[in-house]
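Working through the structure, step by step
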Amino acid sequence: MLNIVKKTISELKAELDYRRAIANHAKSLPELEQRDRRILNQLKTEGVCVTSLENLGLNSTSNLLKVAKSQLSRMEPPKNSHTGQRLPQIYTMTELPEYSTWATETRLMNIIENYIGLPVAFHGVHLRKDFPNENQFGTLLWHKDAEDRRIIKIFVYLSDVEEHHGPFEYVPLSLTSRYNLNYYRIQYELWRSGYLGFTDETLNKIVPKSAWKSCPGPAGTVIFVDTKCVLHHGTLRTEERSALFFVYTANPPKRPELCTQYWDDTFAKPDRLIQTTSS
Ligand SMILES: [Fe+2]
């Protein structure tokens, strides 16, 4: 009992410290250009903003695409899973300058700092291929990420993504805010699943499918999303999808142990990718 009280007090103190840090940092937030303020405003109201590499117009985009496409072409075909579940292929590209330069472009960092409200940490980037599956598991289930109180992930499609490629899909923030009963029903279902996520069938009973927002788009589509606040998943697909996933939180994040996967050896790195394919 004493331990529960101590834990509750410590969590309350951490929340107060967090609120205080946000208030203190408010006057230090960087100025945004009008076009970037639009992205920020949409993140705040919708939890998601869809744009494109072309619209962003960042100087380092051509280098990023050149390297990503070359590495994508050298990824190994996946091994068949005994469970019938085809897992995504994930490579950690964080150390390569073509990726980190794009990820830390001042305009991107400024948008994210304004959204998170605190100094930002860029944790890393995964090059990822997702494959056809018949049943929902892993990130195909509806879920929320847990690394921090606010997280920004930037997804960049490297191939055209139509319905059959399994686009990113989400429920708009306005339908799941804390002032809405849906928020508590969703949190209950997440808790019941051990925070692993739940199926389309379960969500359809809380928020009808007609209100879910799918994000198909051509190669070069860029999706900014707060994956902590927004309920999201990858749609079941019948054809593979290739994308980059960039990850940002406040510095330091609430759960740093969940952020190491974006730079450590959890997933293969490019040197191993090259060695494997050249042997
Ligand atoms: Fe996620």
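Conventions and cut-offs
- Residues numbered from 1 in each chain as written.
- Predicted model: local features only at pLDDT ≥ 70, side-chain atom pairs only at ≥ 80, totals over all residues.
- Helix = DSSP H or I, 4+ residues; strand = E, 2+ residues; numbered from the N terminus.
- Rg over C-alpha atoms; globule rule 2.2 N^0.38 Å.
- Buried ≥ 20, exposed ≤ 12 C-beta atoms within 10 Å, placed from the backbone.
- Contact = placed C-beta atoms within 7 Å.
- Pairing = 2+ DSSP bridges.
- Axes fitted to C-alpha atoms, helices over the stretch in contact; angles between N-to-C directions.
- Expected span 1.5 Å × (residues − 1).
- Domains from an automatic or database assignment.
- Nonpolar A, V, L, I, M, F, W, Y, C, P; charged D, E, K, R; others polar.
- Left-handed = near helix turned anticlockwise from the far one by under 90°.

1. A closer look at the overall build of the protein
Of regular secondary structure, the protein possesses 9 helices and 9 strands. Computed over C-alpha atoms, the radius of gyration of the protein comes to 19 Å, within 12% of the 19 Å expected from 2.2 N^0.38 for 279 residues, which places it in the range of a compact globule. Projected onto its principal axes, the C-alpha coordinates of the protein cover approximately 60 × 45 × 40 Å. A buried classification covers 32% of the 279 residues belonging to the protein. Considering only contacts in the protein between residues 6 or more positions apart, those separated by 24 or more positions represent 89%.

2. Looking at the environment of Ile152
Residue position: Ile152 is located in strand β4 (residues 151-157). For Ile152, a count of 23 C-beta atoms within 10 Å puts it in the buried group. C-alpha of Ile152 to C-alpha of Val120: the two residues are 32 residues apart in sequence and 9.9 Å apart in space. Each residue touching Ile152, except ones within four places of it in the same chain, is listed here: Ile112, Tyr115, Ile116, Phe224, Asp226 and Tyr248.

3. Focus: the sheet that holds strand β5 (residues 168-170)
Taken in spatial order, the 3 strands line up as β6-β5-β8 in an open sheet, and their pairing is antiparallel. Across the chains shown, the open sheet's two edge strands, defined by having one partner strand only, are β6 (213-215) and β8 (232-234). If you compare each strand with its neighbour and ignore which way they point, the axes differ by 25° on average. Here 3 bridges tie β5 to β6, and the two strands are oriented antiparallel to one another. Pairing of Phe168 across the sheet is with Cys215, part of β6.

4. Comments concerning helix α1 (residues 2-25)
Taking 1.5 Å as the rise per residue, α1 with 24 residues should run 34 Å; its terminal C-alpha atoms sit 35 Å apart, in good agreement. Burial of α1 is sparse: only 0 of the 24 residues sit out of reach of the surface.

5. Overview of the domain arrangement of the protein
In terms of domain boundaries, the protein breaks down into domain 1 (1-30) and domain 2 (34-278). Taken residue by residue, the interface counts 6 residues in domain 1 and 6 residues in domain 2. Tallied by class, residues from the side of domain 1 that touches domain 2 come to 5 nonpolar, 1 polar and no charged.

6. Details of the sheet that holds strand β7 (residues 221-225)
Across the sheet, 6 strands lie side by side as β1-β7-β4-β9-β3-β2; this open sheet has antiparallel pairing. Edge positions in the open sheet fall to β1 (48-52) and β2 (89-92), since each of these has one partner strand only. This sheet shows a mean twist of 20° between the axes of neighbouring strands, independent of strand direction. When strand β3 (residues 120-130) meets strand β9 (residues 241-250), the two strands line up antiparallel, connected through 10 bridges. For His126, the partnering residue across the bridge sits in β9 and is Phe245. Where helix α2 (residues 34-46) meets the sheet, its contacts fall on β1 and β7, and the angle it forms with β1 comes to roughly 145°. Helix-sheet contacts for helix α6 (residues 106-116) involve β3, β4 and β9, and the interaxial angle to β3 is about 110°.

7. A closer look at the packing of α2 against α6
Two numbers describe how α2 lies on α6: the axes approach to 10 Å, and their chain directions differ by 35°. The crossing of α2 and α6 is right-handed. Where α2 approaches α6, its residues Asp36, Ile39, Leu40 and Leu43 are matched on the opposing element by Arg107, Asn110, Ile111, Asn114 and Tyr115. Split by residue class, the contact of α2 with α6 holds 5 nonpolar, 2 polar and 2 charged.

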